[in-house]
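Topology and contacts: notes
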Amino acid sequence: MFWNKKKNNDDASVPKMGMLQRLAMKRVMNMDPKEREKMMQKALAPENIAKNKDKILATMERMKKSGQLTEEQIKMAKEKLGL
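Below is a summary of the structure that appears in this document. (Residues numbered from 1 in each chain as written. Predicted model: local features only at pLDDT ≥ 70, side-chain atom pairs only at ≥ 80, totals over all residues. Heavy atoms only, no water.)

1. Comments concerning the overall build of the protein chain
Stated formally: Numbering goes from the N terminus for both helices and strands, where a helix is a DSSP run of H or I of at least four residues and a strand is a run of E of at least two. Accessible area is worked out with a 1.4 Å probe on protein chains only. A residue is then buried under 20% of its type maximum, exposed over 50%, and partly exposed in between. Only the protein chains shown count as cover for residues, and the accessible areas themselves come from Shrake-Rupley with a 1.4 Å probe.
The helix and strand inventory of the protein chain stands at 5 helices and 0 strands. Of the regular secondary structure in the protein chain, the N- to C-terminal order runs α-α-α-α-α. Put simply, the protein chain has 83 residues, and 6% of those count as buried. Split by element, the accessible area of the protein chain, about 7,900 Å² in all, is 57% carbon and sulfur.

2. Thoughts on the layout of surface pockets
What counts here: Only protein atoms enter the 1 Å grid used here, on which a cavity is any set of points holding a 1.4 Å probe that cannot leave and a pocket is any open set flanked by protein within 12 Å on both sides along at least five of seven lines; residues with an atom within 4 Å of a point are listed as lining. Grid points are joined across faces, edges and corners, and a volume is the space filled by probe spheres set on the points. Each residue gets one of three labels, nonpolar for Ala, Val, Leu, Ile, Met, Phe, Trp, Tyr, Cys and Pro, charged for Asp, Glu, Lys and Arg, and polar for the others, Gly among them.
By volume, the largest pocket is sized at about 450 Å³. Taken together, 12 residues form the lining of the largest pocket, with Met17, Gln21, Met25, Thr59 and Met63 sitting closest to its centre. At the level of secondary structure, the elements contributing two or more residues to the lining of the largest pocket comprise helix H1 (19-29), helix H2 (33-43) and helix H4 (53-66). Taken together, the residues of the lining of the largest pocket break down into 8 nonpolar, 3 polar and 1 charged. Lining the second largest pocket are Ile56, Thr59, Met60, Met63, Leu69, Ala77 and Leu81. Looking at the lining of the second largest pocket, the elements with two or more residues in it are H4 and helix H5 (71-81). Sort the elements by how many residues they give to the lining of the second largest pocket and H4 lands first, with 4 residues.

3. Quick look at H4
Using the following cut-off: By this rule the span expected of a helix is its residue count minus one, scaled by 1.5 Å.
With 14 residues, H4 should reach 20 Å at 1.5 Å per residue; the first-to-last C-alpha distance of 20 Å fits that figure. Where H4 terminates, the next one or two residues include glycine 67, which has phi positive at roughly 90 degrees.

4. Concerning the packing of H4 against H5
Heads up, the rule is: To get an axis, fit a line to the C-alpha atoms, keeping to the stretch in contact for a helix; angles then go from 0 to 180 degrees between the N-to-C directions. Angle categories: roughly parallel below 35 degrees, roughly antiparallel above 145, roughly perpendicular from 65 to 115, and oblique for all the rest. With the far helix as reference, a near helix turned anticlockwise by less than a right angle produces a left-handed crossing, and one turned clockwise produces a right-handed crossing. By the convention used here, residues are in contact when the closest approach between their heavy atoms is within 4.5 Å.
As a packed pair, H4 and H5 sit with axes 10 Å apart at the nearest point and diverge in direction by 165 degrees. Overall, the two elements H4 and H5 adopt an arrangement that is roughly antiparallel. Regarding H4 and H5, the two cross each other, and that crossing is right-handed. Of the residues in H5, those touching H4 at Ile56, Leu57, Met60 and Lys64 are Glu71, Ile74, Ala77, Lys78 and Leu81. Broken down by class, the residue content of the contact of H4 with H5 amounts to 6 nonpolar, no polar and 3 charged.

Given below as structure tokens:
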């Protein structure tokens with residue numbers, strides 16, 4: 001039956017996301033490019049980064065342990081975010 005078919009999502013380039021993350025990603029990708037850029041600038045504002053520094057660093061460590069990020073990628077992200 002059609003509901004028993006499983007999708008083959010073994011592609012390594014596709015990150016594993018939960019339902020809410022997929023919905024959020026889909027919504028962001030469907031946004032107007034100008035609106036998306038404005039939202040990302042607001043989210044990556046220095047005061048937001050400083051306020052959530054501990055959460056960002058903890059998330060980076062979890063991603064490193066799970067193999068989603070390499071040490072080099074973490075180093076680059078920290079430089080770009082000013083951490």
